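# Coordinates in review
Single-letter residue listing:
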Amino acid sequence: MADIVETAINAGKFKILVQAATTAQIIETLKSPGSLTLFAPTDDAFAQLPADTFYSLMQDIPKLKKILMYHVAFGDVRFEDLQQIEEVPTLEGSVVAIDSDQGVIKVNDAHILNTDIIADNGVIHVIDQILMPAMVAGR
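Only a predicted model underlies this, so the values are computations on that prediction, with no experimental measurement involved. (Residues numbered from 1 in each chain as written. Predicted model: local features only at pLDDT ≥ 70, side-chain atom pairs only at ≥ 80, totals over all residues. Heavy atoms only, no water.)

## Structural notes on unusual backbone geometry
Even without being glycine, Gln25 reaches a positive phi, approximately 60°. Mapped onto the secondary structure, Gln25 falls in the loop between helix 2 (15-23) and helix 3 (27-31). With a phi angle near 55°, Asp116 is a residue other than glycine that sits in the positive phi range. Looking at the secondary structure, you find Asp116 in strand 6 (residues 110-119). (Helix = DSSP H or I, 4+ residues; strand = E, 2+ residues; numbered from the N terminus.)

So this is what it looks like as structure tokens:
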């Protein structure tokens, strides 16, 4: 089996996420042994960002790293777990809210499109938009 990064690359719909993770220098974190959960925005989710916003994020490495680490949770959090919890601590330092309603799960405002893509060092859940930590979003 492959680690989270290799699994994301093999899926083919996370090219921008992998590029951003490389730029933010968090690839080694995502490849590390142990157990992580990645809420992975698709390339389509990144395409929803205005081009100038994406460009400025790719130039602001500390901000980009903070945003990407907000998509990574400690531990192996599976679909069954997401149905029973209300929040998950992230590597960024804050939590994401989990809302489960009749099998539909949201992370903050993002819908989970696909769950439980298993990797050697954790699990990937596919989401339909970028998660913004409160400090970055200015809330």
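Having put the structure on the table, let's press on.
## Concerning the side chain of Asp3
Along the polypeptide, Asp3 turns up in the segment before helix 1 (4-11). Within the local environment of Asp3, its side chain forms a polar contact with the backbone nitrogen of Val5, the two atoms lying 3.0 Å apart. Contact partners of Asp3, with chain neighbours within four places excluded, come to Lys31, Ala119, Asp120 and Asn121. (Polar contact = N/O pair within 3.5 Å; in protein donor to acceptor, adjacent residues only side chain to side chain. Contact = heavy atoms within 4.5 Å.)

## Overview of the pairing of strand 5 (residues 104-107)
Side chains Ile105 and Val107 project from strand 5 onto a buried face, and the interleaved Val104 and Lys106 project onto a face without burial. What sits between strand 4 (residues 95-101) and strand 5 in their antiparallel hairpin is a turn of 2 residues, with Gln102 showing a positive phi close to 50°. Sheet topology note: the strand 5/strand 6 ladder contains 2 bridges and is antiparallel. Counterpart to Val107 in the pairing with strand 6 is Ala110. In this structure, the hairpin formed by strand 5 and strand 6 is closed by a connection of 2 residues, where Asn108 is found at a positive phi of approximately 55°. (Buried < 20%, exposed > 50% of the residue type's maximum accessible area, 1.4 Å probe, protein only. Pairing = 2+ DSSP bridges.)

## Points about the environment of Leu49
Examined against the element boundaries, Leu49 turns out to sit in the loop between helix 4 (43-47) and helix 5 (51-59). Using a relative accessible area of 17% as the deciding quantity, one classes Leu49 as buried. A C-alpha to C-alpha distance of 8.3 Å links Leu49 and Ile130, two positions 81 residues apart in sequence. Excluding anything up to four places from it in sequence, Leu49 contacts Phe54, Leu57, Ile130 and Met132.

## Some details on the confidence of the model for the chain
Summarising the model, the chain shows a mean pLDDT of 93, and 96% of its residues fall at 70 or more. Per-element mean pLDDT across the chain ranges from 66 in helix 8 (residues 134-137) up to 98 in strand 1 (residues 36-41). (pLDDT = per-residue confidence, 0-100.)

## Considerations on the packing of helix 2 against helix 6 (residues 61-69)
Where helix 2 contacts helix 6, the two axes come as close as 9 Å, and the packing angle between them is 125°. As judged from the angle between their axes, helix 2 and helix 6 are oblique. Crossing handedness for the pair helix 2 and helix 6: left-handed. Across from Leu17, Ala20, Ala21 and Thr23 in helix 2, the residues of helix 6 making contact are Ile61, Leu64 and Leu68. (Axes fitted to C-alpha atoms, helices over the stretch in contact; angles between N-to-C directions. Parallel < 35°, antiparallel > 145°, perpendicular 65-115°, else oblique. Left-handed = near helix turned anticlockwise from the far one by under 90°.)

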